[in-house]
Structure formats: C-alpha cells, structure tokens
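Per-entry structural report
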Amino acid sequence: MTDFAATKAKFYLPHGMIYLDGNSLGPMPKEANARVHSMITDEWGQMLITGWNKAGWMGMPTGLGDRIGRLIGAEPGSVVVGDTLSIKVYQAVASALELRPDRKVVLSDSGNFPSDLYMADGLLRSLGPDYELRVVDPEVIAEHISDDVAVLLLTEVDYRTGRMHDMKTLTELAHSNGTVTVWDLAHSAGAIPVHLAECNADFAVGCTYKYLNGGPGAPAFIYVAPRLAEKVRPALSGWLGHEAPFAFNLDYRPGTGIERMRVGTPPVIQMAALASALDIWDTVDMTDVRSRSIELTELFLKRVEATCPDLELASPRDPNERGSQISFRFKEGYAAMQALIARGVIGDFRAPDIMRFGFTPLFIDTADVEQAVEIMSKIMKDMLWDNPEYKIRQRVT
Ligand SMILES: *Cc1c(COP(=O)(O)O)cnc(C)c1O
C-alpha cells in the first residue's frame, strides 16, 4: 500500500493553502531545493563540461524516461524525456504519418487541448494541401476511425471535463483500420493507471509539470512502442537523436530505439527538479493512487452538490469515466474561482465557464477536500464572488 501521509510530507505546501491545481502545475517536492542546488553548485559549478560524463547528464533523458515508463505501463527503454509537450506532439504525429505514407488524414476530437490541434495543423500545412486535420466530437470519434485515417491523435483525459477515452478499445479499432495512434497523456500520467504496452499503443506523449510534479518548464516525454522504435524516422532529426552525435557526420542516421526521439541538449537543471519528484513517485503504486483519487473526487462531488446548487457538474458522474479532476460550470465561474483563490483554495478556470479542480492523492487528503468545500459553499451561498476585483481577467487563468 502506498503511504499517502508520507508522500504528502515530501511536498512543500504553503501554509493555509489547499492546492487543487496539481493537474496544471504540481507543487514542489521538498527535496527539489537541495537537488537543484547541488546540481548547480556541485555539478555545473565544479564539473562544468565534464558533468556530461561524470555526473551522467547525458543519460538522464532515458533514465528519467524509464521511471515515468513504470507509471504509464511502458516497456523499459521505450520512453525518453525532453523538449515541451507541444514539440513532442509534433514529433509523434510526424513519425506516425511517415508510417502510413499512402494516407493523408489526422483524426482528432474537439475536446483535445488546442495546442495539440495547432501543432498537427502546422505540420499538415507544411506537408501540403492534400493533408487534412479532421476534428470531430469526442462522443463520435469511434465512428470516424476509417481506412483513410493515417493517425488518430487523442488526449486520453479531457483537460476541461476530465472525460476519459477508452484507450484499449480505440487503439484496437484504429489498428483494425490500419491507423497509427498517438495518445496524449498530459492529464493521465500520474493521475490514473495507464497501460501503454497492454493497450498496444503506438506513440504516446505527455508532460511532467502537471500530475508528475516536475516543476514549471519541466521537460515532456515521448513513448514509442518497441515494435516500432527501429522503424520510426524522426522528423525533428537533431544531433542528439543521431546514432553517433560526437562523430559529427554530415549525414543523419537515427539512433538506437527511443534514443532517436531525442532532439537537442537536454535541460539538465530542470531534470534535477524532475528527478526529485520521481523519487517520490518511485514509492507509489498507481492502483492506490486511482482508488484514493476516486474516493476524493466522489467526496468533493457529493459535498459540492449538497451545498452549491448553482454549480452544474461538467465531468462524467461515473468515476470510471473520468480522470482525477472534477469540473463545474457556472456563468460567473471566473469570479468564483478568484474568490476561492483569495481564500486559499486553488483551482483554475477554463473558458468559457468551467471551474476545474484537480485531485492528487500524493498531497491532498479528505480533510483538505472537506475544508475546500466549506469555503466554496460560503462563497456561493453569500455570493462572495460578486466583487469587481474578482472579475478582472489575468493573463493566466
Ligand atoms: C498541458 C497540455 C499541453 C501543454 O503543452 P506544452 O508544450 O507543455 O505547453 C499540451 N497538450 C495537452 C493535452 C495538455 O494538457
């Protein structure tokens, strides 16, 4: 059994704050401070260029990738860390398309995160006018998987509502139509158990600053199924994905397996922070996370519905159909969220009217949930959100 009191003690959480936004940016592991400090002073400071070998910086992208791999059901040696998620989406879709040179359609859904759609659209534009990004409603995605679709690009858990796609069924359906799958795990990794190998997934990508708590700007990850890893041609063919980067050949030869999905110099300082978060994850079982997460979201939902009649549930009611978040619609949702934040309950707002709350058992417990609802019900009952100060939109919502 995972000891969630122990994991909670390993995070720095500001006094008086109930942090229900680990789905956007996870809190800081207490060890991150010492880890990053040591990386800067003992490694960068003392070793300088020799740190690449002496401190093993060059091996960090695959070392960290394997530790993330355990959490998402990936085979050892099939995950590498680097770049940002948007870049990894581009990279995965480009390589997936090259596996189906006779097809020109990328299929996605309107619940996807805009950046995924923007990146796919940008890629298809540079490939030429024959290529098409087809976006349909998430409810009907299965009906649109047909034998002209090259790539199915889906985010498993909807960032707004938490609605979850059935990875196994959709991947099977895609494969039976000769379609390659790219799964975005931005709201899955560290939130729910993922079984990439078992689902026979082809490509997957995700970020490490949300549920994985790697810190703002922490690098993304990419998974390529081992059966494809030696066939995949990287479109972002940077020198560190080359078979022999330090041979400095003028012709590009892809590296072995997942190594070829590396692009350029990895963010070493940022990876030190991520390593401190993964030290905590190494002690965690994802099935425990899932059962605790369901317990927390069910409690939150039940209490909010009992005390805040003006809020309308935007997430699936069945916990098996949603990830680790609960969202409500409210026409003054932005102001209500600002009122909550002013009182130490941190969630976020997604246009046009979604109040979003993430539940992360590593550092949120039932007492936090009860206290958050108490504050929220007062805000709603006394209309404390109806304050001009709370209606001023900030740059990041
Ligand atoms: C958070 C998120 C992103 C963000 O991409 P970055 O390049 O890390 O800014 C992209 N896609 C999805 C599905 C997300 O949830």
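Residues numbered from 1 in each chain as written. Predicted model: local features only at pLDDT ≥ 70, side-chain atom pairs only at ≥ 80, totals over all residues. Heavy atoms only, no water.

Quick look at the side chain of Arg163
Defined as follows: What counts as a helix is a DSSP run of H or I of at least four residues, what counts as a strand is a run of E of at least two, and both are numbered from the N terminus. Identification of polar contacts relies on pairs of N or O atoms within 3.5 Å, with a donor-acceptor requirement for protein atoms, meaning one able to donate a hydrogen and the other able to accept it, and with residues adjacent in sequence counted only if both atoms are side-chain atoms.
Structurally, Arg163 is set in the loop between strand S7 (149-155) and helix H7 (167-176). One polar contact links Arg163 to His165, side chain to side chain, over a distance of 3.5 Å.

Some words on the site of the ligand
To keep things clear, this is the line we draw: Near residues are defined by distance, with any heavy atom within 4 Å of the molecule or strand qualifying the residue. When residue character is reported, Ala, Val, Leu, Ile, Met, Phe, Trp, Tyr, Cys and Pro are called nonpolar, Asp, Glu, Lys and Arg charged, and the others, Gly included, polar.
Surrounding the ligand, one finds Thr84, Leu85, Ser86, Phe113, Asp116, Thr155, Asp184, Ala186, His187, Tyr209 and Lys210. In the environment of the ligand, a nitrogen atom lies 2.6 Å from a nitrogen or oxygen atom belonging to the side chain of Asp116. For the ligand, an oxygen atom lies 2.7 Å from a polar atom in the side chain of Tyr209. For the shell around the ligand, a count of residues per class yields four nonpolar, four polar and three charged.

A short note on the pairing of strand S12 (residues 325-329)
What counts is decided by this rule: When accessible area is computed with a 1.4 Å probe and restricted to protein chains, residues below 20% of their type maximum are described as buried, those above 50% as exposed, and intermediate ones as partly exposed. At least two bridges found by DSSP between two strands is the condition for calling them paired.
Along S12, four of the five residues are buried, which leaves the element largely enclosed by surrounding structure. In this sheet, S12 lies alongside strand S11 (residues 312-313) in antiparallel orientation, the contact comprising two bridges. Following the sheet pairing, Leu313 is matched in S12 by Phe328.

Quick look at the sheet that holds strand S6 (residues 132-136)
Condition: Axis definition: a line fit to C-alpha positions, over the contact stretch in the case of helices; interaxial angles, taken between N-to-C directions, run 0 to 180 degrees. In what follows, residue pairs with any heavy atoms lying within 4.5 Å of each other are defined as contacts.
Pairing is mixed in the open sheet, where seven strands are placed in the order S4-S10-S9-S8-S7-S5-S6. Strands at the two margins of the open sheet, each flanked by one partner only, are strand S4 (79-81) and S6. Going across the sheet, the axis of each strand differs from the next one's by a mean of 20°, ignoring polarity. Packed onto the sheet, helix H6 (residues 114-127) meets strand S5 (105-109), S6, S7 and strand S8 (180-184) and runs at close to 155° relative to S6.

Observations concerning the nonpolar core
What counts is decided by this rule: Here, nonpolar core refers to any group of buried Ala, Val, Leu, Ile, Met, Phe, Trp, Tyr and Cys residues whose side-chain atoms link them within 4.5 Å. Residue ranges for the domains originate in an automatic or database domain assignment.
In terms of nonpolar packing, the biggest core is built from 86 residues, with Ile72, Leu185, Leu196, Phe300, Phe328 and Phe357 touching the most fellow members. Summarising the domain contributions, this core has at least three residues from each of domain 1 (4-29 + 285-391) and domain 2 (56-281). Among all residues touching Phe357, those that are not within four sequence positions of it are Leu20, Asn23, Phe300, Ser324, Gln325, Ile326, Phe328, Met337, Leu340, Gly347 and Met376. Ranked by size, the runner-up nonpolar core spans 30 residues in total, among them Ala120, Leu153, Phe203 and Met261.

Some points on the environment of Leu278
Relative to the elements of secondary structure, Leu278 occurs in helix H10 (residues 268-281). Residues Leu278 and Pro316 lie 38 residues apart in sequence; the distance between their C-alpha atoms is 30 Å.

A closer look at the sheet that holds S12
Ordered by their spatial adjacency, four strands build an open sheet running S11-S12-S15-S14, and the pairing between neighbours is antiparallel. Each of the sheet's edge strands pairs with one partner strand only, and the pair in question is S11 and strand S14 (348-350). Of the pairings in the sheet, the one linking S14 to strand S15 (residues 354-358) comprises three bridges and is antiparallel in character. Within S15, the position partnered with Asp348 by the bridge is Arg356. Contacting S11, S12 and S15, helix H11 (residues 286-307) runs over the sheet at an angle of about 20° to S12.

Let's talk about the packing of aromatic side chains
Short version of the rule: Put simply, two rings from Phe, Tyr or Trp (the six-membered ring, in Trp's case) pair if the centres are within 6.5 Å, and we call them stacked under 30 degrees between planes, edge-to-face over 60, tilted for the rest. Cation placement over rings: the criterion is NZ of Lys or CZ of Arg within 6 Å of the ring centroid and within 35° of the ring normal.
Under the counting rule described, the total for this entry stands at twelve aromatic pairs. Relative to Tyr159, the ring of Phe113 lies with its centre 5.0 Å away and its plane at 80°, an arrangement referred to as edge-to-face. Highlighted residues: Phe113 in the loop between S5 and H6 and Tyr159 in the loop between S7 and H7, separated in sequence by 46 residues. Taking the relative accessible area as the measure of exposure, Phe113 reaches 34% and is therefore partly exposed. When its relative accessible area of 8% is taken as the criterion, Tyr159 is described as buried. With a centroid separation of 5.6 Å and 85° between ring planes, the pair formed by Phe246 and Phe248 is classed as edge-to-face. Phe248 carries the same exposure label as Phe246, and that label is exposed. One aromatic cluster in this structure is built from Phe300, Phe328, Phe357 and Phe359. Over the ring of Phe113 we find Lys210; its NZ or CZ atom is 5.4 Å from the centre of that ring.

A look at the packing of helix H5 (residues 85-98) against H6
Our working rule: In what follows, roughly perpendicular refers to angles from 65 to 115 degrees, roughly parallel to angles under 35, roughly antiparallel to angles over 145, and oblique to any angle outside these ranges. Each crossing gets its hand from how the near helix is turned against the far one by less than a right angle, where anticlockwise is left-handed and clockwise is right-handed.
In the contact formed by H5 and H6, the axes pass within 9 Å of each other and the chain directions differ by 45°. Judged on the interaxial angle alone, H6 and H5 are oblique. Considering only the axes of H5 and H6, their crossing is right-handed. Contacts between H5 and H6 pair Ser86, Ile87, Val89, Tyr90, Val93, Ala94 and Leu97 from the former with Ser115, Asp116, Met119, Leu123, Leu124, Ser126 and Leu127 from the latter.

Quick look at the domain arrangement of the protein
For the record, the criterion: As used here, buried area is the combined drop in accessible area, with a 1.4 Å probe, of two parts when they are placed together.
For the protein, the domain assignment lists domain 1 (4-29 + 285-391) and domain 2 (56-281). Each of domain 1 and domain 2 was reduced to a C-alpha centroid, and the two centroids are 29 Å apart. Each partner contributes to the interface: domain 1 provides 32 residues, whereas domain 2 provides 24 residues. Summing both partners gives a buried area of about 2200 Å² for domain 1 against domain 2, and 65% of it is carried by carbon and sulfur. Joining domain 1 to domain 2, the criterion identifies eleven residue pairs in polar contact (both at pLDDT 80 or more).

Looking at a nonpolar patch on the surface
The following threshold applies: Patch membership requires more than 30% relative accessible area and the absence of a salt bridge. Residues of like charge join within 9 Å; the nonpolar side chains Val, Leu, Ile, Met, Phe, Trp and Tyr join within 5 Å. Accessible surface is estimated by sampling points in the Shrake-Rupley manner with a 1.4 Å probe; for residues, cover comes only from the protein chains shown. Here, a salt bridge means any Lys or Arg side-chain nitrogen found within 4 Å of an Asp or Glu carboxyl oxygen.
On the surface, Ile40, Trp44 and Ile269 cluster together into a nonpolar patch covering about 270 Å² of accessible area. With respect to the secondary-structure elements, Trp44 resides in helix H2 (residues 30-47).

Topic: H7
The test is simple: The arc in question is the one spanned by the directions pointing from the helix axis to the C-beta atoms.
All buried positions along H7 are accounted for by Met167, Leu170, Thr171 and Ala174. Down the axis of H7, the smallest arc covering the buried residues is 100°, so these residues share one side. Across H7 from its buried face, at more than 90 degrees, point the exposed residues Glu172 and Ser176. Looking at the residues trailing H7, positive phi occurs at Gly178, about 75°.

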